[in-house]
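# Structural features, examined
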Amino acid sequence: MTNLLAYIPFVDPIHALQDWWYLLLIPLAFGIAVIYKALRSPQFEHYWQNVLVMTGQIVAAMIALAVVLIVAIQVLIPLIPVN
Amino acid sequence: MSPSVKSDSRFTPFAALLAWIWPGLGHLRLGQRRRGMLIMFGVLFLFLGGVLIGGVDVVDRRHDPLWFVAQALCGPIAFGTDLANQRLLSDPQVRLQRKSLSHINEFGTLFVALAGLMNLVVILDALHRPAPRRNTDRRARAEP
């Protein structure tokens with residue numbers, strides 16, 4: 001017999017995110033930008049603005065990389081002759 | 001004047017040790033309160049975010065030793081989470097139900113590992129960052 005356990009935050013995984021895993025790139029990029037800008041900014045006047053810009057840059061770069069890989073795998077590689 | 005005062009950066013191993021013990025503590029020790037608090041927020045955001053997404057299973061010294069090398073750079077919280085993992089998921093039936101799978105496990109593990117790697121950069125920065133001087137902020141503001 002299987003016992004069903006109640007969901008406990010930080011112990012159980014959030015399985016609902018399984019289909020939306022790619023959106024997790026946004027908080028990941030945000031966390032990296034928060035730390036990087038905290039280290040590199042001499043002043044903190046436009047700190048959060050810089051963090052948001054860097055987050056956008058990381059996400060845009062990842063999307064661009066994904067597009068390049070999709071084009072290479074779906075279009076360019078099938079064009080290579082087999083023999 | 002001593003050489004340590006002349007040079008731009010000082011060697012501060014105690015601050016680096018504090019930065020490993022708790023993220024951001026090294027910069028707080030160096031008198032950089034805001035920087036330290038932002039670092040603390042950033043590293044804990046990634047660490048707790050990873051554990052929230054993938055559960056306690058994402059920090060696992062036994063089954064993911066290479067990932068744990070990066071995660072251990074977060075400090076004692078990574079070892080504490082691993083200990084919680086070993087205790088909470090020791091029962092095979094409980095482990096089966098609470099184990100994270102596929103993308104959730106990958107992203108949770110990546111969040112915590114990146115928190116550790118970013119904290120390594122923080123530790124190295126705390127090791128060589130100069131303590132703030134009184135006139136630094138005024139001089140910086142005066143510059144265009």
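Residues numbered from 1 in each chain as written. Chains lettered and ligands numbered in written order. Predicted model: local features only at pLDDT ≥ 70, side-chain atom pairs only at ≥ 80, totals over all residues. Heavy atoms only, no water.

### Some remarks on the environment of A:D12
Residue and element names in this part refer to chain A. Cut-off, in case you're wondering: Think of it this way: any DSSP run of H or I at least four residues long counts as a helix, any run of E at least two long counts as a strand, and we number them from the N terminus. Each residue gets one of three labels from its accessible area relative to the maximum for its type: buried under 20%, exposed over 50%, partly exposed in between, using a 1.4 Å probe on protein chains only. Any N or O atom pair separated by 3.5 Å or less is treated as a polar contact, with the protein-specific requirement of one donor-capable and one acceptor-capable atom, and with residues adjacent in sequence counted only for side-chain atom pairs.
Examined against the element boundaries, D12 turns out to sit in the segment before α1 (25–40). The buried category is assigned to D12, whose relative accessible area is 7%. Taking C-alpha positions, D12 is 20 Å from Y22, a pair spaced 10 residues apart along the chain. At a separation of 2.7 Å, a polar atom in the side chain of D12 contacts the main-chain amide nitrogen of I8.

### Quick notes on the interface of chain B and chain A
Accessible area lost when the parts come together is the quantity often used to give the size of an interface. Our working definition: Residues count as neighbours in contact if any of their non-hydrogen atoms are within 4.5 Å of one another. As used here, buried area is the combined drop in accessible area, with a 1.4 Å probe, of two parts when they are placed together. For this document, the term salt bridge refers to a Lys or Arg side-chain nitrogen within 4 Å of an Asp or Glu carboxyl oxygen. Amino acid classes used here: Ala, Val, Leu, Ile, Met, Phe, Trp, Tyr, Cys and Pro are nonpolar; Asp, Glu, Lys and Arg are charged; the rest, including Gly, are polar.
Tallying the contact residues gives 39 residues for chain B and 36 residues for chain A. Roughly 3300 Å² of surface becomes buried between chain B and chain A when both sides are summed, with 71% attributable to carbon and sulfur atoms. Remark: the boundary between chain B and chain A carries 1 salt bridge. Its salt-bridge partner being B:R98, residue A:D12 comes within 2.7 Å of it at the nearest N-O pair. Applying the counting criterion to the chain B and chain A interface returns 12 residue pairs in polar contact (both at pLDDT 80 or more). At the level of secondary structure, the elements contributing two or more residues to the side of chain B that touches chain A comprise α4 (33–54), α7 (92–98), α8 (102–128) and α9 (136–142) of chain B. Considering each element in turn, the side of chain B that touches chain A owes the most residues, 14 residues, to α4(B). Its residues assigned to classes, the side of chain B that touches chain A comprises 23 nonpolar, 9 polar and 7 charged.

### Observations regarding the packing of aromatic side chains
As a reminder, the rule being used: Two rings belonging to Phe, Tyr or Trp (six-membered ring only in the last case) form a pair when the distance between their centres is within 6.5 Å. Interplanar angles under 30 degrees mark stacking, angles over 60 mark edge-to-face geometry, and anything in between is tilted.
Applying the stated rule across the entire model yields 12 aromatic pairs over all chains. Here A:W20 and A:Y22 contribute two aromatic rings whose centre-to-centre distance is 6.5 Å and whose plane-to-plane angle is 55 degrees, an arrangement assigned as tilted. The exposure class of A:Y22 is partly exposed, given its relative accessible area of 45%. Site record: aromatic cluster; members linked through ring pairs are A:F30, A:F44, A:Y47, A:W48, B:F41 and B:F45.

### So, the nonpolar core
Going by this rule: In this description, a nonpolar core means a group of buried Ala, Val, Leu, Ile, Met, Phe, Trp, Tyr and Cys residues linked to one another through side-chain atoms lying within 4.5 Å.
A:L28, A:I32, A:I35, A:Y47, B:L46, B:F47 and B:F111 are the most contacted members of the largest nonpolar core, which has 40 residues in total. For this core, the elements supplying multiple residues, two or more each, are α1 and α2 (47–79) of chain A together with α4, α6 (76–88) and α8 of chain B. In contact with B:F111, not counting residues within four places along its chain, are A:L24, A:P27, A:L28, B:L46, B:G49, B:G50 and B:I53. Formed by 7 residues, the second largest nonpolar core is a distinct cluster that contains B:A15, B:A19, B:I123 and B:L127.

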